[in-house]
Structure formats: C-alpha cells, structure tokens
Amino acid sequence: LRDGLIQTLCSEMNVSTMAYRPSLVFVNGEFWGVYNIRERFDSKYFKEHYGVSEENLGMIEAPSPLTTDWDVDEPYVLNEGQAGDEIPYHQLADYVIANDMSNETHYKYVSDRMDIDSFIDFFVCSMYMCNIDWPTNNVKVWRNKSESDPSGLDTKWRYVICDTDMGMGLEGDYDKNMFAHALNDSTVAGGMMCSLLENENFKNQFVERFTYAAEKVFTPSKALKVYDEFYQVLQNVIQLHFDRWPSDGGSMSRWNSETSSVKEFIEKRPENALSSMKMYFGIQPNALTVNLDLSIADLYINGQQITSSGYNKVFLNGEKVTVKIVPKQGYVFKGMKTVTDGGGEKTYTEQSITFEMNDKITVVGLVEKSDVQIIPTVVAGSRSIFVLDKKGNLYAWGENDIRQCGICITKTIRKPILIMSGVIQVEMSRGGTEGDAPLTAILTSSGDVYTVGNNSSGQLGRGGDATLLTKINTNIKFKKVSAGLDHLLLLSENGDVYMLDGEGKTLASLEYD
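Fair warning: this is a prediction, and the values are worked out from it, not measured in the lab. (Residues numbered from 1 in each chain as written. Predicted model: local features only at pLDDT ≥ 70, side-chain atom pairs only at ≥ 80, totals over all residues. Heavy atoms only, no water.)

Caption draft 1: Here's a closer look at the overall build of the protein chain. For the protein chain, the helix and strand inventory stands at 11 helices and 26 strands. Here the protein chain holds 513 residues, and the buried ones make up 51% of them. As presented, the protein chain carries roughly 23400 Å² of accessible surface, and 46% of it is formed by carbon and sulfur atoms. Within the protein chain, the 70 negative side-chain charges are centred at a point lying 8 Å from the centre of the 48 positive side-chain charges. (Helix = DSSP H or I, 4+ residues; strand = E, 2+ residues; numbered from the N terminus. Buried < 20%, exposed > 50% of the residue type's maximum accessible area, 1.4 Å probe, protein only. Areas by Shrake-Rupley, 256 points an atom, 1.4 Å probe, with all protein chains shown as cover. Lys, Arg positive; Asp, Glu negative; His and termini not counted. Charge placed at Lys NZ, Arg CZ, Asp CG, Glu CD.)

Right, dumping it as structure tokens:
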C-alpha cells in the first residue's frame, strides 16, 4: 500500500513515478496472493512517458543494497545505457560539491546540466514522505543522451521516486525531522543538496516548493481520498492473502495497525514537515500571523472562518490573502494594524484587507468593548517591556529571541509595537539569571488567557508552537494572572486558583468542571 500510495501522490511533482494497481494472482488456477502491478523504470518506460528513444537513455543508480561492498561516497553505477554513460553525472556531482554554488557562474554550470526542478522535487517528495531508506540508496538518475533525439527533450539529468515502502509511518513517523536525516554530506545526493542550498535563489525555490507540496499537493483532504480508494480495494481481499501465506506473519490486526499509521501520517505530516523546514532554515517565509482574541471577534482568512487561536501560515511569494475581522455583539471594530518582520507598521480601518504576501506579516485586530475599564499598566521583564493603555491595547518592545513579546519579528524590537487589543492584564516572568527564557501571559476582556515564550516545564499551559501567541484551551474564564520563571497562576472568575508548574501539565488536562 505505502509505495503505491506515495508514488501516486508524488505523480503531480516534477519526478518520474511508477503507476500502481493491486491484483489477485492465480497460478494454474491456484490463488497465489495479492500482488502489485507496477511500471518498471527502464528504456521502455522513458520511451512511453517522454518519447526518448531507447538507445538514447542513460540511467544510473545508487547500487546499495544490490552491491554489498559499495561505499555511499562513491559514484553511482550504470543501470541503463552503455559503459561510460555514468561519467558525466559523476563529474557533475563532483563539481557541485567542490564549488561554491552561491557563485552564479558555478550555479549556471550545474543548472545547464541538471533539471533543478526535478532535483528539488526529488528531495521534497522523499523528505516529506519520510523515506528513511534514502538517500544512501534508492536513488535513480536519468537523461536523454542525444540532443537530436526525436523527443526534443534536453540532455539534463532528472530524478525518479523509487522504493518508498519504509516511508509514510513504517520507519519514519509523521514527526520525523528529515532535514537532519537527508541534508548532510554523508551521501552523494545529500552533499549536492547542501552545496546547492548555498545559492540563495535555489534555497528560496526549495522552501517555496516544499511549502507548496505540503499545502497544495499532499494535503490531508487530497491524500486521504486516494488512501481511501486504495484501502477499500485491499480491505476486501487482504485476508485471502494472509490465509494463503500464513508463514509471512500477516494478520488483520497488523493490517489495521499499519493502515491506521498511514492515515495518521497523512493527517499530521503537513504541520510537522513545515515545522522541520522552518527550524532548519530559521525562517518563516511569507508567514501570516494574526493576533486576535477569538472570543470577541470572528476571523476569516480567504473566506474561511478560523476557529483556533495562534493563526500562523506560510504563503507562497506573491500569493494574495484576505483577512476579515467581524466583532461579536457588544464589541466594536476599530481597525487592523500590520507589522512586517523589518518592523514596518501600517494601520487599516476596513474590516477586510487583502495582502500580497512578500514578507512576514503580523496582523493585530483592534477590537474594543465599550463598557470595560482598563487600568494603564507598565510591565517590565528581564529583557522586554509591555505597556497597556486605557483602551486595552497592548504594546511591547525589547528582546524577542523566543517571541516573548508575542509577535513574529525575528529582530530586537526597538520601539513600541502593538501586540493585541482587548487586553486587561499582562504578566511576564521575572527572576532567574541574566539570559533566562521568559514567558508572557495575556488576559483578555473575555476572560481568556493567551501565552507565549518559554514552555520548557509546561508553564504555558498548552501544547503547540510556543513562539505563537495562543489561547490556553479551556472553557474556564479568568480575572487575574501571575507569571513566575517556570510556572503560571490563574485566578478564575469564581475565585478558584489554578497552577501550571514544572510538571508540564496543561490546564486542559486537569479535570476541572
């Protein structure tokens, strides 16, 4: 199931894939089991799919495990073609690894000889699907050798996806960090990728393509539809296979466990894959973050209502995004304020604004409650300062290394920037030594608490991304908060005190009515 499913999902990408169809096989009338009918990567495949004449195909591969004494640092071996067809690729790989790819002359030399889109998608697909058995092996590279081939195809090297059975939750779970696994110089392909990532344009293209794949190609809605089709076909016959080959150890319980693992992978991989990508590059490319108390206003992104706080999403360069804020009854919309990663600010009075995503943007919704009385407050942490005005608007500036100011700006904030509206209290942890990791707790007029910053002991009272200002998930309403270095105290409206401390428990996990 896994390899056929992965290959089918990756068929939208710029890589060659093998078609898949399960079948019931009979030998001399005797049932022989459930087998997969697959295409084969050979000269006939590339003739059929690309029109390349069979005599003009050159294809090489990482031979492990076919050759047991092969070293991962050595060149790939010939798979289709004539002796010597592998040499141009060996020379290209050596050139990529040995030269500075940030130099555009060097980079052009490579892009003239290798299909960059195919190379990027080869890594994106394999990394996203957590193909652990790669890139040490399971690498195939091909090209049309003749400029006069009837296909008209150029002579650049291209990549295929093969043997992905160990991916999609078998060995690589949905939270596997494939950047650490694949992007190193211990393999030929990994060394080439690391060198090419030194080129800024290539790096941006990789980031955009990885994001596109996670959000447009491998989405749970699309992938689950394909999964369900495959699952239903096999579910009706798989027991026959287990009965035919009992010595293989197959069983319905194992089948149910493995298919559940695949489904879980599909559902949870997008968020985890993008998180690993952000961590590796230290960036959030064109990310949109919205700071808004969803208890006092409804938020819509491109017409879709957002029901969870801490909204943060990566968009493609130049993609248009519409943000709409609708205040709930008893509240008044006053505008929106945007802050870019560089600290640029702009205020809008319209309830619906369309942005072209060419930067990291934080949108702060300005929503007020007319009858609330706010006491202006100044709160100083170890490296940051908060100011709350009489209208409930919260401003911050100072160090923001773990986003303790509550806004997704990667640099030190050197002037007051609006963080959130509808606030009645803000607290920041104090104490410890210089260089401590602070947390921030914000109490809104709706009685909800939003937290951000250090969560090493579970003191934020929630899971998820600790760098995003996010609501503690509970129906309890609060009227006071107090923050310590590694704990949080919350006073509810009915007088109960809740503590979040070093045990790492979240408020939602405690059994309170």
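Once you've had a look at it, read on.
Caption draft 2: Layout of the sheet that holds strand β16 (residues 377-380). The antiparallel open sheet is built from 4 strands, whose spatial order is β16-β17-β18-β19. Among the strands making up the open sheet, the edge pair consists of β16 and β19 (413-420). Adjacent strand axes in the sheet meet at a mean angle of 20 degrees when their direction is disregarded. (Pairing = 2+ DSSP bridges. Axes fitted to C-alpha atoms, helices over the stretch in contact; angles between N-to-C directions.)

Caption draft 3: The arrangement of the sheet that holds strand β3 (residues 57-61) in detail. Judged by pairing direction, the sheet is antiparallel, and its 4 strands sit side by side in the order β4-β3-β5-β6 without closing on themselves. The open sheet has two edge strands, β4 (77-80) and β6 (158-159), and neither has a second partner.

Caption draft 4: Fine view of helix α1 (residues 2-10). For α1, the tally of buried residues reaches 8 of 9 residues, placing the bulk of the element in the interior. Residues of α1 that are buried include every one of Arg 2, Asp 3, Gly 4, Leu 5, Ile 6, Gln 7, Leu 9 and Cys 10, and no others.

Caption draft 5: Seen up close, the pattern of salt bridges. What the rule picks out here adds up to 21 salt bridges. One salt bridge in this structure joins Asp 3 and Arg 38, with 2.8 Å as the shortest N-O distance. In this pair, Asp 3 is assigned in helix α1 and Arg 38 in strand β2 (residues 30-38), connecting sequence segments 35 residues apart. Judged by relative accessible area, Asp 3 falls into the buried class, the value being 5%. The closest approach of N and O atoms between Glu 12 and Lys 222, which form a salt bridge, is 3.0 Å. Taken as a pair, Glu 12 in the loop between α1 and β1 (20-27) and Lys 222 in helix α9 (residues 220-235) lie far apart in primary sequence, 210 residues in all. Looking at Glu 12, the relative accessible area reads 46%, which means it is partly exposed. A relative accessible area of 32% places Lys 222 in the partly exposed class. (Salt bridge = Lys/Arg side-chain N within 4 Å of Asp/Glu carboxyl O.)

Caption draft 6: Structural detail: the packing of aromatic side chains. Per the stated rule, a full pass over the model turns up 31 aromatic pairs. A ring pair is formed by Phe 41 and Tyr 45, whose centres lie 4.9 Å apart and whose planes are at 80 degrees; its orientation type is edge-to-face. Across this residue pair, the class does not change: Phe 41 and Tyr 45 are buried. Measuring from centroid to centroid gives 4.8 Å for Phe 122 and Tyr 159, while their planes differ by 25 degrees, and the two rings are stacked. Separated by 37 residues along the polypeptide, Phe 122 in helix α5 (residues 116-128) and Tyr 159 in strand β6 bring together distant segments of the chain. The class of Tyr 159 is buried, set by a relative accessible area of 0%. Of the aromatic side chains, those joined through ring pairs into one cluster are Phe 41, Tyr 45, Phe 46, Tyr 50 and Trp 142. One Lys or Arg, Arg 244, reaches over the ring of Trp 32 and ends 4.6 Å from the middle of that ring. (Phe/Tyr/Trp six-rings, centres within 6.5 Å; stacked < 30°, edge-to-face > 60°. Lys NZ or Arg CZ within 6 Å of the ring centre and 35° of its normal.)

Caption draft 7: Up close: the environment of Ser 23. Mapped onto the fold, Ser 23 is located in strand β1. Between the alpha carbons of Ser 23 and Val 34 there is a distance of 5.7 Å; along the sequence they are 11 residues apart. Contacts of Ser 23, omitting those with residues within four sequence positions, involve Gly 33, Val 34, Tyr 35 and Ile 37. (Contact = heavy atoms within 4.5 Å.)

Caption draft 8: Just the packing of α5 against helix α8 (residues 200-217), in detail. Two elements in contact, α5 and α8, have axes separated by 10 Å at closest approach and are oriented at 50 degrees. Comparing their axes, α8 and α5 come out oblique. α5 and α8 meet at a crossing whose hand is right-handed. The residues of α8 that touch α5, namely those facing Ile 116, Asp 117, Phe 119, Ile 120, Asp 121, Phe 123, Val 124, Met 127 and Tyr 128, are Phe 202, Gln 205, Phe 206, Arg 209, Phe 210, Ala 213 and Ala 214. Residue composition of the contact of α5 with α8, grouped by class: 12 nonpolar, 1 polar and 3 charged. (Parallel < 35°, antiparallel > 145°, perpendicular 65-115°, else oblique. Left-handed = near helix turned anticlockwise from the far one by under 90°. Nonpolar A, V, L, I, M, F, W, Y, C, P; charged D, E, K, R; others polar.)

Caption draft 9: Focus on unusual backbone geometry. The step from Trp 134 to Pro 135 runs through a cis peptide bond, and the omega angle for that step is 0 degrees. Its place among the elements puts Pro 135 in the loop between α5 and β5 (140-144). Phi is positive for Cys 130, close to 55 degrees, though the residue is something other than glycine. Relative to the helices and strands, Cys 130 resides in the loop between α5 and β5. By relative accessible area, Cys 130 is classed as buried at 0%. Phi is positive for Asn 138, which is not a glycine, with a value near 60 degrees. One can find Asn 138 in the loop between α5 and β5. On the basis of relative accessible area, Asn 138 is assigned to the buried category, the value being 11%.

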